[in-house]
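Chain residues, written in single-letter form:
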Amino acid sequence: MPTSVISPRLSESGAMVERHWQQLAGQRRLYTLAAGMLLLIAVSGSLWFANETNAGKFFDRLPHLFDFVGDLVPRDGWEIWRALFDLPSPYEDGSLKYDYVDGRHYLTDSFYIPEYFYKMVETLNIAILSTVIGLIFGFILSFLAARNMTHNVWIRAPARRVMEIMRAFPEVVLAGFFLAILSLGPIPAVIAVSIHTVGALGKLFFEVIENADMKPDEGLKAVGANWLERSWFGIVPQVMPNFMSYFLLRLEINVRASTIIGAVGGGGIGEQLRLSISRGHEAKTLAIILLLLLTIIAVDQFSAWLRRKLVGDQAFQAI
Amino acid sequence: MTILTTAEMDALAARHPDILHRSAWQRFRLPIIAAAVVAYFIFAWWFFAVGKVVGTANWGLAGNYLADWISYEIRPDIEVAADGSMQITYPRFDPIGPNPNPDWLQAKRETVTRTVNIAPASGTSPSSSSTSSFSFMAPAPTQQQAASSAAPTTETRTEEVVTEAVVQMGASRTIDILPDRVVLTRGSETVTLTLDRDADRVLADGALPEWAEQRSTGGRVTAYFGFSGWAEISADRVRIRKRFLGWENFFFDTNSAFFGKSASEVASLIVSGERLDPAQSNLSLAWSDILYNPSWQHLDVWTKLLQTIVMAFIGTLFAMIVAFPLSFIAARNIFRNRPVNQLTKRLFDFLRSVDMLIWALFFTRAFGPGPLAGISAIFLTDTGTLGKLYAEALENIDDKQREGVRSVGAPPATVQRYGVVPQVMPVFVSQALYFWESNTRSATIIGAVGAGGIGLKLWEAMRTNSDWENVAYMVLLILLVVFLFDGISNALRSRLVGRER
């Protein structure tokens, strides 16, 4: 028995629904296609522009990338350790390349810290000091910027604008400006990173304060506490774990930031890395990268552990 | 209201000993932390030698640099010759242009007969003779040189010279320069300085006010007029630094044909003026004069800004494209192979922990300075970060949808496409947008270490210590771009994930 496909006849309203659906689907396809084309044009245009304005062209330079990677391989496995711990190298030829002993930082006549460890400590100190400064000022500013603690818009709005500007102002400009006044060294880096941290932490802090439970505050208000007492006994105990968590998160970021600022003249390990890469000192470069990698992983792990202790797993749900 | 008796209070205290008798750490936590912080600050003060560095810093420069961000100086030099005639000169690249006649510097000119020393004309004539003697047929140059070396002569001529100059340094602040004295006025205070050129001394007529200073008696006097500038008076020369608010010659530089013309004049020249340069129309001349303005370098700045934007855009986009499939491999619940999961996650950790700086330096060495290095650095760092975040998001998904799709017999790829991707896509895109936004900022910084873009240009402008107005211009552009992209990415994000989040 032959069968035939019978398309069910739609009623008039059913056909209209179908027509609309087709129309919407077609429109959607068109938009997706147009967006895809636009993205493609933007990407290829950008790539062409990037390649055109670069000093070396991508495909010309690609073999050099592998050369450079090949150059980085040290002569033997112990060379990195010698560079890291300032031990004399058997390849010593009078040049800076294998001269590891020179940069020692002597604390007493015989006790010394290897150069790169000292520089790493310097970078870590830049990060810690500027995060602590950022914590203190961000803490103060955040109470002025939170809607539930400061009702006066003439205080709140300027506090927020100040933090926005501090956050968005390029760190490299702050560093450059203070480098021009204070001469080379870590203090411009501390100032630049601190200013950025005040803005960044202040924003996160005042959002925490605005989400705080206001019942303790009301209770304190009922027994006649003033603004400081309400903030200190009503809000601070609630928000402190979150503040600390953000503080630690910021510390992780600042370790990286102070390395970068170091590379543009702020001292510390970043500068050593830039110098050794540009001079082509393979073993030194690898030693610094290894040290930096281990430090960053250690700081990240430590801060993750502490944050988990302070606020529990919820700190890891959102970025 | 009930009032507790002492016995009741004691009973309450006995029931809750932990509230009233807290441990030493709980009680002294705050002072201990405060003391630790103070101790750390003292350590940092010693470690970074803050006192020494801040003490030796030049804070006067700081004010000048800051003022340079939004203003510029014009620097006329007024030289007073022995007979009292003056000469007003401007430095070669002064923003005032080639034919200065500012209305704030009024010079009184008189025609006098004076004796002038003619310096030996060593500059022009021997050089012209030497070029002509380049041919071997030229006459021997000895005669000419003998004639010109006999030069130090005096000549009496009648000419128009400046005999008095009055500089307006702002409201009720003037410097009146006369051949034998300089009168400084600031508000109600007036100082008269007598110029003794024979002894090379400057003498004040009384005690100097606090805005003028003289290091040694008879030495030169420096007078400060606040923001409007300062002047340095020595016996035979008055150097003036007058500060003006604004960015000088922002559109047309001094050697442009449009220099010094008002906006309406420029507009009428462009619309209906005669061609200033026969080779091109006035519009294209004006346009290229603006783009290639040597002190502001608009074209270069905008190209570099575009490079920075491209670095952030391409770096983040490619990172997202690569991190997307890798995160499926790294997620425990999707790719059920523990060693491969762990390997991918460690790869993400490695990419993330080798800092953006290291990648930037590395690729700058490989590709040469430029946006390619920046793109590569952002791409690798963000592949790590986005991959980690994506894998975490995938591990937290709701499994019911996947089971539903699988239960109707869909192949594995389709299960991921319809069971997983719709759940995580908004999160993925919103995180990528967040990183796009923050990379626009970090692209500036890694640019300064050589990865190209506006960061490098900014850094170069700062190193010269004289182009702070260019720095301000670039910072303004960067801030505009950052705020604009913040807005775009926030708008896109809230459309994607809903306004609540």
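If you're wondering where the values come from, they're calculated on a predicted model, not measured in any experiment. (Residues numbered from 1 in each chain as written. Chains lettered and ligands numbered in written order. Predicted model: local features only at pLDDT ≥ 70, side-chain atom pairs only at ≥ 80, totals over all residues.)

Draft legend 1. Examining the overall build of chain B more closely. Each helix and strand in chain B was counted, giving 17 helices and 13 strands. For chain B, the C-alpha radius of gyration of 37 Å lies well beyond 23 Å, the compact-globule estimate for 501 residues. Dimensions along the principal axes, computed over C-alpha positions, put chain B at roughly 110 × 85 × 50 Å. Buried positions account for 28% of the 501 residues belonging to chain B. Taking as baseline every contact in chain B between residues at least 6 positions apart, the subset at least 24 positions apart corresponds to 61%. (Helix = DSSP H or I, 4+ residues; strand = E, 2+ residues; numbered from the N terminus. Rg over C-alpha atoms; globule rule 2.2 N^0.38 Å. Buried ≥ 20, exposed ≤ 12 C-beta atoms within 10 Å, placed from the backbone. Contact = placed C-beta atoms within 7 Å.)

Draft legend 2. Expanded view of the UniProt feature "domain: ABC transmembrane type-1" (unreviewed entry) in chain B. The sites that UniProt annotates as "domain: ABC transmembrane type-1" (unreviewed entry) are residues 305-489 of chain B. In this annotation, residues 305-489 of chain B is assigned 86% helix and 0% strand; the end-to-end C-alpha distance for the span is 19 Å. (UniProt positions renumbered as here; feature names shortened; annotations may be inferred.)

Draft legend 3. Representation of the UniProt feature "transmembrane region" (unreviewed entry) in chain A. The UniProt entry lists residues 30-50, 126-147, 168-195 and 286-306 of chain A under the feature "transmembrane region" (unreviewed entry), expressed in the numbering used here. Annotated as residues 30-50 of chain A, this span is 100% helix and 0% strand, and its ends, taken at the C-alpha atoms, are 30 Å apart.

Draft legend 4. Layout of the domain arrangement of chain B. Once the domains are mapped, chain B shows domain 1 (73-115 + 155-245) and domain 2 (298-497). Placing a centre on the C-alpha atoms of domain 1 of chain B and another on those of domain 2 of chain B gives a separation of 59 Å. (Domains from an automatic or database assignment.)

Draft legend 5. Examining the interface of chain B and chain A more closely. Listed by partner, the interface residues are 54 residues for chain B and 47 residues for chain A. Tallied by class, residues from the side of chain B that touches chain A come to 41 nonpolar, 11 polar and 2 charged. (Nonpolar A, V, L, I, M, F, W, Y, C, P; charged D, E, K, R; others polar.)

Draft legend 6. Local environment of the pairing of strand 12 (residues 229-234) of chain B. All names here are of chain B. Here strand 12 shows a buried face lined by Gly229, Ala231 and Ile233 and an unburied face lined by Trp230, Glu232 and Ser234. Hairpin connection between strand 11 (residues 221-224) and strand 12: a loop of 4 residues separates the two successive antiparallel strands, and Gly226 in this loop has a positive phi of roughly 65 degrees. Taken together, the 6 bridges between strand 12 and strand 13 (residues 237-245) define a ladder with antiparallel strand orientation. Opposite Ala231, over in strand 13, you have Ile240 as the bridge partner. (Pairing = 2+ DSSP bridges.)

Draft legend 7. Seen up close, helix 17 (residues 468-497) of chain B. With 30 residues, helix 17 of chain B should reach 44 Å at 1.5 Å per residue; the first-to-last C-alpha distance of 42 Å fits that figure. Regarding helix 17 of chain B, the residues found buried are Trp468, Glu469, Asn470, Val471, Tyr473, Met474, Val475, Ile478, Phe485 and Arg493 of chain B. Buried residues belonging to helix 17 of chain B abut helix 6 (171-182) of chain A together with helix 5 (59-70), strand 1 (71-74), helix 10 (298-330), helix 15 (412-451) and helix 16 (454-463) of chain B. (Expected span 1.5 Å × (residues − 1).)

Draft legend 8. Region of the structure containing helix 9 (residues 227-266) of chain A. Residue and element names in this part refer to chain A. Spanning 40 residues, helix 9 covers only 41 Å between terminal C-alpha atoms, well under the ideal 58 Å at 1.5 Å per step. Helix geometry: helix 9 is bent most strongly at Val236, by close to 60 degrees, with proline Pro237 lying one to four residues after it. Positive phi shows up at Gly267, right after helix 9, with a value of about 80 degrees. (Bend = angle between axes of the 7 residues up to and from the residue.)

Draft legend 9. Representation of the packing of helix 4 (residues 115-145) of chain A against helix 5 (residues 153-168) of chain A in the model. All names here are of chain A. Axis separation between helix 4 and helix 5 bottoms out at 8 Å; the angle between their running directions is 140 degrees. Looking at the two axes, helix 4 sits oblique to helix 5. Handedness of the helix 4/helix 5 crossing: left-handed. On helix 5, the residues touching Leu141, Leu144 and Ala145 of helix 4 are Ile155, Arg156, Ala159, Arg160 and Met163. When the residues that make up the contact of helix 4 with helix 5 are grouped by side-chain class, the tally is 6 nonpolar, no polar and 2 charged. (Axes fitted to C-alpha atoms, helices over the stretch in contact; angles between N-to-C directions. Parallel < 35°, antiparallel > 145°, perpendicular 65-115°, else oblique. Left-handed = near helix turned anticlockwise from the far one by under 90°.)

Draft legend 10. Broad picture of the nonpolar core. Core analysis: the largest hydrophobic core is formed by 130 residues, its most contacted members being Ala360, Ala377, Ile446 and Leu458 of chain B. Ranked by the residues each element gives to this core, the list is headed by helix 9 of chain A, at 14 residues. Contacts of Ala360 of chain B, omitting those with residues within four sequence positions, involve Ala373, Gly374, Ala377, Ile446, Val449 and Ala451 of chain B. Listed in part, the 24 residues of the second largest apolar core include Ile78, Val167, Val182 and Ile240 of chain B. (Core = buried A, V, L, I, M, F, W, Y, C linked by C-beta atoms within 7 Å.)

Draft legend 11. Region of interest: the pairing of strand 13 of chain B. Residue and element names in this part refer to chain B. Sheet topology places strand 1 next to strand 13; 4 bridges connect them, and they run antiparallel. When the sheet's bridge partners are listed, Tyr72 is paired in strand 13 with Phe244. Relative to strand 13, strand 2 (residues 77-80) is paired through 3 bridges, and the arrangement is antiparallel. The residue bridging Glu79 from the neighbouring strand is Arg237, located in strand 13. The hairpin turn running from strand 12 into strand 13, its antiparallel successor, is 2 residues long.

Draft legend 12. Inspection of unusual backbone geometry at higher detail. Residues and elements named next belong to chain B. Even without a glycine there, the phi angle at Ala49 is positive, about 50 degrees. Structurally, Ala49 can be placed in the loop between helix 3 (24-47) and helix 4 (50-56). Assessed through the 14 C-beta atoms surrounding it within 10 Å, Ala49 is described here as partly exposed. A positive phi angle is found at Gln297, which is not glycine, with a value near 50 degrees. By the secondary structure assignment, Gln297 is in the loop between helix 9 (282-291) and helix 10.

Draft legend 13. Inspection of the UniProt feature "domain: ABC transmembrane type-1" (unreviewed entry) in chain A at higher detail. When the UniProt feature table is mapped to this numbering, "domain: ABC transmembrane type-1" (unreviewed entry) covers residues 120-303 of chain A. Secondary structure across residues 120-303 of chain A comprises 87% helix and 0% strand; the distance between its end C-alpha atoms is 18 Å.

Draft legend 14. Local environment of the confidence of the model for chain A. Looking at chain A, the pLDDT average stands at 86 and 94% of residues meet or exceed 70. Per-element confidence in chain A ranges from a low mean pLDDT of 74 for strand 1 (residues 105-106) of chain A to a high of 93 for helix 4 of chain A. (pLDDT = per-residue confidence, 0-100.)

Draft legend 15. Expanded view of the packing of helix 9 of chain A against helix 15 of chain B. Packing of helix 9 of chain A against helix 15 of chain B leaves a shortest axis separation of 10 Å and a crossing angle of 40 degrees. In terms of orientation, helix 9 of chain A lies oblique with respect to helix 15 of chain B. As helix 9 of chain A runs across helix 15 of chain B, the sense of the crossing is left-handed. Residues Ile260, Ala263 and Val264 of chain A of helix 9 of chain A pack against Ile445, Ile446, Ala448 and Val449 of chain B of helix 15 of chain B.

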